[in-house]
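A look at the structure
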Amino acid sequence: ITRPTDDGGAGFDTQWAASFVHPIRAALIEQGDDHRDMAAVAAAITHGPNAFDRVIYTESHDEVANGSARLPEEIWPGNAAGWHARKRATLGAVLVFTSPGVPMIFQGQELLEDRWFSDDDPVDWSLLDRETGTVRLYRDLIALRRNLDGGTHGLTGHHINVHHVDDRAKLVAFHRWAHGGPGDDVVVVCNFRSEAARGFRLGVPAPGHWRVVFDSDAPVYHADNSGSGAVEYTAETEPLHGMPASLSVDVGPYSAVILGR
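Residues numbered from 1 in each chain as written. Predicted model: local features only at pLDDT ≥ 70, side-chain atom pairs only at ≥ 80, totals over all residues. Heavy atoms only, no water.

Another point: the sheet that holds strand E5 (residues 171-177). Judged by pairing direction, the sheet is antiparallel, and its six strands sit side by side in the order E4-E5-E6-E11-E8-E9 without closing on themselves. Looking at the sheet topology across the chains shown, the edges are occupied by strand E4 (159-166) and strand E9 (232-235). When the angles between neighbouring strand axes are averaged without regard to direction, this sheet yields 25°. In the sheet, E4 pairs with E5 via seven bridges, with the strands oriented antiparallel. Following the sheet pairing, His159 is matched in E5 by Trp177. Across the sheet, helix H2 (residues 38-45) touches E4 and E5, and the angle it forms with E4 is around 175°. Sheet strands in contact with helix H6 (residues 132-145) are strand E8 (208-215) and strand E11 (256-260), and its direction is about 140° off that of E8. (Pairing = 2+ DSSP bridges. Helix = DSSP H or I, 4+ residues; strand = E, 2+ residues; numbered from the N terminus. Axes fitted to C-alpha atoms, helices over the stretch in contact; angles between N-to-C directions. Contact = heavy atoms within 4.5 Å.)

Under the criterion given, the structure shown has two cavities of 30 Å³ or more. Quantified by volume, the largest cavity comes out at close to 50 Å³. Every residue along the wall of the largest cavity is listed here: Arg86, Lys87, Thr90, Gly133, Thr134, Leu137, Ser216, Tyr221, His222 and Asn225. At the level of secondary structure, the elements contributing two or more residues to the lining of the largest cavity comprise helix H4 (83-98) and H6. Considered class by class, the residues forming the lining of the largest cavity number two nonpolar, six polar and two charged. Empty space within the second largest cavity amounts to approximately 40 Å³. Contributing to the lining of the second largest cavity are Glu59, Leu71, Pro72, Ala89, Thr90, Gln109, Leu112 and Tyr138. Residue composition of the lining of the second largest cavity, by class: five nonpolar, two polar and one charged. (1 Å grid on protein atoms, 1.4 Å probe; cavity = no way out; pocket = protein on both sides within 12 Å on 5 of 7 lines; lining within 4 Å. Points joined across faces, edges and corners; volume = space filled by probe spheres on them. Nonpolar A, V, L, I, M, F, W, Y, C, P; charged D, E, K, R; others polar.)

Below is the structure:
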């Protein structure tokens with residue numbers, strides 16, 4: 001689809017990424033933590049030299065209709081606002097906004113809309129009053145993806161290095177950058193288990209100070225959240241995971257932490 005016409009392609013600028021949505025939804029919908037495939041997640045978020053020739057998402061009008069349902073509904077049928085459904089659906093949102101690609105969200109996704117999409121069933125706007133934290137979470141992720149505070153320029157770039165995949169602990173960590181350096185380097189750590197990961201030693205691309213710019217387990221996003229841990233970390237010159245430095249980080253259950261250099 002995106003290959004140039006003179007190279008036998010259709011010449012489009014971008015296309016919807018089936019190679020992203022299906023593995024990510026499968027990992028999030030799976031009921032047993034031990035059966036989540038972290039290698040499949042790592043492959044889904046990895047992409048080639050042009051990040052913007054694919055559109056990435058966890059919900060579309062195709063994925064949430066025609067026999068399928070909204071992601072939170074698929075995770076916990078009949079309780080789309082429940083803890084497991086909310087935590088894993090928002091973990092998917094983190095991957096949409098931090099993986100290389102053009103992020104796309106579907107109408108009502110930021111409200112944890114339940115059931116399935118039908119064109120004669122409008123968005124339930126009363127959810128704005130009940131899901132204020134989830135709406136804020138989406139708003140904050142959009143701001144980070146757009147680098148509105150100037151500290152996450154790497155999320156606007158093309159580059160990714162999935163430098164740690166732990167299928168036993170169900171952890172995936174990756175480095176995003178555009179040009180590299182302070183204000184650009186971003187490290188994302190995702191926990192696909194129902195228990196928090198405490199004191200997880202993680203490789204990072206440089207020693208020095210790293211700041212938690214986003215924590216999906218922060219209480220500001222829901223009263224049930226407790227917060228993953230510190231808001232700042234100091235990386236030491238101890239190589240790990242193919243990186244020149246490392247630090248210890250906490251990540252909440254079914255949560256993600258985004259670190260900015």
